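Commentary on secondary and tertiary structure
The primary structure of each chain is shown beneath.
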Amino acid sequence: MATAKSRPVRHLTVLYDANCPLCVHIRHWLLGQRWLVPLRLVPAGSYEARQRFPVLDHAATLRQITVVGDTGQVWTGTDAFIVCLWALAEHRPRANWLATPAGRPFARAAMHTASAWRAAVRTNGEAESGEPACDDQCAVPR
């Protein structure tokens, strides 16, 4: 009998922060890409996300990119970013390289850059409205 780790991934669910302008932009970008693995984009922390994945820490999914495979695999942070790129036809070779020891620092740098952008947007949003515009990390690939 095949285990979750040995079965091929048939689809991925990307949890994204629907209140983050960067996350929403990346969601639209993902929808416009050619997929090798189908993506389901679900707002993090939403009723749908809680129903689909009751054991996830849903507060954490709003702070950190989270991708869930159809057989229960969960990727977060840099690994989730790489998995999202791996699902895309044009970006799979890049994802394969980013998963190597040579490429991983670049993937982490991309995550750091997106996190810094979100922090800047949050700071600007607080100054204008009194409420954060985003958390520290984005819940979709950057």
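Residues numbered from 1 in each chain as written. Predicted model: local features only at pLDDT ≥ 70, side-chain atom pairs only at ≥ 80, totals over all residues. Heavy atoms only, no water.

What follows deals with the sheet that holds strand β4 (residues 74-76). Pairing within the open sheet is mixed, and its four strands lie in the order β2-β1-β3-β4. Sheet topology places β2 (39-43) and β4 at the edges, where each strand pairs with a single neighbour. Between one strand and the next, the sheet's axes are offset by a mean angle of 20 degrees, whatever the strand orientation. Strand direction decides the pairing type here: strand β1 (residues 12-16) and strand β3 (residues 66-69), joined by four bridges, are antiparallel. (Pairing = 2+ DSSP bridges. Helix = DSSP H or I, 4+ residues; strand = E, 2+ residues; numbered from the N terminus. Axes fitted to C-alpha atoms, helices over the stretch in contact; angles between N-to-C directions.)

Let's shift gears to the packing of aromatic side chains. To describe a pair of aromatic rings, you give the distance between the ring centres and the angle between the ring planes. Counted by the stated rule, this structure contains one aromatic pair. Plain terms: the ring middles of Trp 97 and Phe 106 are 5.3 Å apart, the flat faces sit at 40 degrees to each other, and that makes the pair tilted. Judged by its relative accessible area of 53%, Phe 106 falls in the exposed class. The ring of Trp 86 carries the charged tip of Arg 92 above its face, separated from the ring centre by 4.0 Å. (Phe/Tyr/Trp six-rings, centres within 6.5 Å; stacked < 30°, edge-to-face > 60°. Buried < 20%, exposed > 50% of the residue type's maximum accessible area, 1.4 Å probe, protein only. Lys NZ or Arg CZ within 6 Å of the ring centre and 35° of its normal.)

Glancing now at the nonpolar core. Within the largest apolar cluster, 26 residues are counted, with the highest numbers of intra-cluster contacts made by Leu 12, Leu 39, Val 67 and Phe 81. Examining the composition of this core, we find that six residues originate from one element, helix α4 (residues 77-86), more than from any other. If sequence neighbours within four positions are ignored, Leu 12 has contacts with Val 37, Pro 38, Leu 39, Arg 40, Val 67, Val 68, Gly 69, Trp 75, Val 83 and Ala 87. Of all hydrophobic cores here, the second largest spans seven residues; its members include Ala 44, Phe 53, Leu 56 and Val 68. (Core = buried A, V, L, I, M, F, W, Y, C linked by side-chain atoms within 4.5 Å. Contact = heavy atoms within 4.5 Å.)

A separate point is the environment of Thr 61. In this structure, Thr 61 sits in helix α3 (residues 58-63). Along the backbone, Thr 61 and Gly 77 are 16 residues apart, and their C-alpha atoms lie at a distance of 9.9 Å.

Attention shifts here to the environment of Asn 96. Looking at the element boundaries, Asn 96 is found in helix α5 (residues 92-98). For Asn 96, a relative accessible area of 43% corresponds to the partly exposed category. Along the chain, Asn 96 and Val 83 lie 13 residues apart, while their C-alpha atoms are 9.2 Å from each other.

This part covers the pattern of salt bridges. Throughout the structure, instances matching the rule amount to three salt bridges. The salt bridge involving Arg 10 is made with Asp 70; its shortest N-O contact spans 3.2 Å. Separated by 60 residues along the polypeptide, Arg 10 in the segment before β1 and Asp 70 in the loop between β3 and β4 bring together distant segments of the chain. With relative accessibility at 55%, the residue Arg 10 sits in the exposed group. Measuring nitrogen to oxygen at the nearest pair gives 2.9 Å for the salt bridge that ties Glu 48 to Arg 52. Here Arg 52 and Glu 48 lie together in helix α2 (residues 47-52), a separation of four residues that amounts to about one turn. (Salt bridge = Lys/Arg side-chain N within 4 Å of Asp/Glu carboxyl O.)

Everything listed here is a matter of geometry and, on its own, says nothing about what the molecule does.
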